[in-house]
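# Survey of secondary and tertiary structure
If you want the building blocks of each chain, they are given just below.
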Amino acid sequence: MVKLICGKNSVLDAIENRMNVKVIYLIKEPTFRTHNIKIEIVSKEEMDNMTSINHQGFIAVLNDFKYHNIESVFEDQAEIVLILDHLQDPQNLGSILRTANASGIYHIIIPNARSTDINSTVLKVASGGIVGLKIIKVSSIHATILKLKKQQFWIYSTSLDEQSITYEKANYNFPLAIIIGNEDKGISKSLLKETDQNIYISMEGTVQSLNVSVATGIILFYLKNIKEKNGSNIKNSRNDVQGK
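Reference entry: report on the structure contained in this document. Because the structure is a prediction, the values reported are computed rather than measured.

What counts as what
- Residues numbered from 1 in each chain as written.
- Predicted model: local features only at pLDDT ≥ 70, side-chain atom pairs only at ≥ 80, totals over all residues.
- Heavy atoms only, no water.
- Salt bridge = Lys/Arg side-chain N within 4 Å of Asp/Glu carboxyl O.
- Helix = DSSP H or I, 4+ residues; strand = E, 2+ residues; numbered from the N terminus.
- Buried < 20%, exposed > 50% of the residue type's maximum accessible area, 1.4 Å probe, protein only.
- Expected span 1.5 Å × (residues − 1).
- Contact = heavy atoms within 4.5 Å.
- Pairing = 2+ DSSP bridges.
- Axes fitted to C-alpha atoms, helices over the stretch in contact; angles between N-to-C directions.
- Phe/Tyr/Trp six-rings, centres within 6.5 Å; stacked < 30°, edge-to-face > 60°.
- Lys NZ or Arg CZ within 6 Å of the ring centre and 35° of its normal.
- Parallel < 35°, antiparallel > 145°, perpendicular 65-115°, else oblique.
- Left-handed = near helix turned anticlockwise from the far one by under 90°.
- Nonpolar A, V, L, I, M, F, W, Y, C, P; charged D, E, K, R; others polar.
- 1 Å grid on protein atoms, 1.4 Å probe; cavity = no way out; pocket = protein on both sides within 12 Å on 5 of 7 lines; lining within 4 Å.
- Points joined across faces, edges and corners; volume = space filled by probe spheres on them.

### Observations regarding the pattern of salt bridges
- For the structure shown, the criterion picks out seven salt bridges.
- The closest approach of N and O atoms between aspartate 76 and lysine 134, which form a salt bridge, is 2.7 Å. Of this pair, aspartate 76 sits in the loop between α3 (71–75) and β5 (80–84) while lysine 134 sits in strand β7 (residues 134–138), and the two are 58 residues apart along the sequence.
- On the basis of relative accessible area, aspartate 76 is assigned to the partly exposed category, the value being 37%.
- Look at lysine 134 and you get partly exposed, because its relative accessible area is 24%.
- Notably, a salt bridge pairs lysine 149 with glutamate 194, separated by 3.1 Å at the nearest N-O pair. With a gap of 45 residues between them, lysine 149 in helix α6 (residues 141–150) and glutamate 194 in the loop between α7 (189–192) and β11 (197–200) connect regions that are remote in the sequence. Assigned by exposure class, lysine 149 and glutamate 194 land together as buried.

Following this line, the structure appears as structure tokens:
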């Protein structure tokens, strides 16, 4: 599937961050540096036929998007990993990727099936936020969590049930993986069984829930602040803690 980045700012971000761009389509000659990327001048009508997204006269075509494998998490010694359990909305995925980048979390796990892929909408919403991220596609999130646990990762899920506590009260051990559930169904039961702690965001006023991308942002920046504040003092071996 062809991956398009649409919109002036998104395309300029892709160029500036040296993303793997194959060709850029413009309505008029560029007034910016293109770093030797192929440029084609086309009409607005031709661009409209390429995509239904608001392109603003800027479309970049990416070469094949590079996905990573789970081993990159361990090789990079990641302290926080984000797991997205079958998100369906590309707008949400794009927003979450941009927020993850801003919060310094670069390893994101998504499933192969029944989930939105990295498509043109995701790239546009994420804009330059996709740069530097390692998107890891797996055939089984459950099996991946078991592998993470063997590597001493702690697992936290955003879920509202009897075992859940507010995210501010949770005791976080690092390295950790935080699971974000599907927009409608939440986190699957099989994943909740593997979770060390369920957390939720308490609500006030008349609002009963938050958009998944907004909720993810709150959690990620909270984890970022904890990690920066406590550093290596919050690294606990699963075997040591569970053996007490």
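From this point, the narrative continues.
### Quick look at helix α8 (residues 212–230)
- Relative to the 27 Å expected for 19 residues at 1.5 Å per residue, α8 spans 27 Å between its end C-alpha atoms, a close match to the ideal helical length.
- Tucked inside the fold, the buried residues of α8 contact β5, α4 (90–102), β8 (154–158), β10 (176–180) and β11.

### What to know about unusual backbone geometry
- Cis geometry marks the peptide bond from phenylalanine 174 to proline 175; its omega dihedral reads 0°.
- You can see proline 175 is positioned in the loop between β9 (165–166) and β10.

### Topic: the sheet that holds β7
- Strands sit in the order β7-β6-β5-β10-β8-β11-β9 across an open sheet of seven strands; the sheet is parallel. For this open sheet the edge positions go to β7 and β9, each flanked by a neighbour on one side alone.
- In the sheet, β8 pairs with β11 via three bridges, with the strands oriented parallel. Bridge pairing links serine 157 to asparagine 198 in β11.
- Contacting β5, β6 (107–111) and β7, α4 runs over the sheet at an angle of about 180° to β5.
- Here α6 sits on the sheet in contact with β5, β6, β7, β8 and β10, set at roughly 165° to β5.

### Thoughts on the packing of aromatic side chains
- One pass over the full model with this rule turns up five aromatic pairs.
- Ring centres of tyrosine 167 and tyrosine 222 lie 4.9 Å apart, and the angle between their planes is 90°; on these two criteria the pair is classed as edge-to-face. Taken together, the positions of tyrosine 167 in the loop between β9 and β10 and tyrosine 222 in helix α8 put the pair 55 residues apart, joining distant regions of the chain.
- Taken together, Tyr156, Tyr167, Tyr172 and Tyr222 form an aromatic cluster joined through their ring pairs.
- The residue whose ring lies beneath lysine 137 is tyrosine 67, and the NZ or CZ to ring-centre distance is 4.8 Å.

### Concerning the packing of α4 against α8
- Two numbers describe how α4 lies on α8: the axes approach to 9 Å, and their chain directions differ by 15°. On the basis of the axis angle, α4 is roughly parallel to α8. Crossing angle aside, the handedness with which α4 passes α8 is right-handed. From α4, Asn92, Ser95, Ile96, Thr99, Ala100 and Ala102 reach across to α8, where they touch Val212, Ser213, Thr216, Gly217, Leu220, Phe221 and Lys224.
- Each residue belonging to the contact of α4 with α8 can be placed in one class, and the counts come to six nonpolar, six polar and one charged.

### Concerning the layout of surface pockets
- Size it by volume and the largest pocket reaches roughly 610 Å³.
- Taken together, 25 residues line the largest pocket, and the ones lying closest to its centre are Thr158, Ser159, Ser209, Leu210 and Ala215.
- If you tally residues by element for the lining of the largest pocket, the top one is α8, at four residues.
- Considering only residue class, the lining of the largest pocket consists of 12 nonpolar, 10 polar and three charged.
- Approximately 260 Å³ is the volume found for the second largest pocket.
- For the second largest pocket, the lining is made up of 13 residues, of which Met19, Asn20, Phe65, Lys66 and Ile130 are closest to its centre.
- Looking at side-chain class alone, the lining of the second largest pocket contains seven nonpolar, four polar and two charged residues.

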